[in-house]
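Architecture at a glance
The residues making up each chain are set out below.
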Amino acid sequence: MGNEASYPEEMCSHFNSDEIKRLGKRFKKLDLDSSGALSLEEFMSLPELQQNPLVQRVVDVFDTDGNGEVDFKEFILGTSQFSVRGDEEQKLRFAFSIYDIDKDGYISNGELFQVLKLMVGNNLKDWQLQQLVDKTIIILDQDGDGKISFEEFCTVVGGLEIHKKLVVIV
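Everything in this summary refers to the structure shown in the same document. (Residues numbered from 1 in each chain as written. Predicted model: local features only at pLDDT ≥ 70, side-chain atom pairs only at ≥ 80, totals over all residues. Heavy atoms only, no water.)

Before going further, it helps to examine the packing of helix H6 (residues 109-120) against helix H7 (residues 126-140). Look at H6 against H7: their axes get within 10 Å of each other, and the N-to-C directions meet at 130 degrees. Judged by the inter-axis angle, H6 sits oblique to H7. Like other packed secondary-structure pairs, H6 and H7 cross with a definite hand, here right-handed. In contact with Asn109, Leu112, Phe113, Leu116, Lys117 and Val120 of H6, H7 contributes Asp126, Leu129, Gln130, Val133, Asp134, Thr136 and Ile137. Looking at the contact of H6 with H7 residue by residue, the class counts come to seven nonpolar, three polar and three charged. (Axes fitted to C-alpha atoms, helices over the stretch in contact; angles between N-to-C directions. Helix = DSSP H or I, 4+ residues; strand = E, 2+ residues; numbered from the N terminus. Parallel < 35°, antiparallel > 145°, perpendicular 65-115°, else oblique. Left-handed = near helix turned anticlockwise from the far one by under 90°. Contact = heavy atoms within 4.5 Å. Nonpolar A, V, L, I, M, F, W, Y, C, P; charged D, E, K, R; others polar.)

Have a look at this one:
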């Protein structure tokens, strides 16, 4: 894992040194195989995450190098977004990135379907979910390009104050 105190200041901009130390201890506890990185299975060892259908998407977003695991630097950068000192736009970008699977800056019809399918499971038939996705795209897509941009996403969720709910106390 390396010495958490050795990471650059800008990486930890939303955490102070005590919070970094506490996060380092949590990271080590989660790192069950002591590999220096957290796998999806290690995240799933937390009881509060076991029933969350979006854990895989969160891990994918945290995993900036795309190797399938979250190292300590990625862990700090990812959790930093949820700091009480994190800003609203950063939290909205995180929420947007859960849906933007291919990271192209847009939420496509297929991406919205995939993420909502994770959330609803088998509670809706695929055709019902597809109808919901189609209607959502029509409503949110202000410029008519068939997909949802970050700006279009913010127009809808910005008023919901989700940034106030995306907070973790370290």
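Having put the structure on the table, let's press on.
Before going further, it helps to examine the packing of aromatic side chains. What the rule picks out here adds up to seven aromatic pairs. Positioned over the ring face of Phe150 is Arg93, at 3.8 Å from the centre of the ring. When the ring centre of Tyr106 is taken as reference, the NZ or CZ atom of Lys147 above it lies at 4.2 Å. (Phe/Tyr/Trp six-rings, centres within 6.5 Å; stacked < 30°, edge-to-face > 60°. Lys NZ or Arg CZ within 6 Å of the ring centre and 35° of its normal.)

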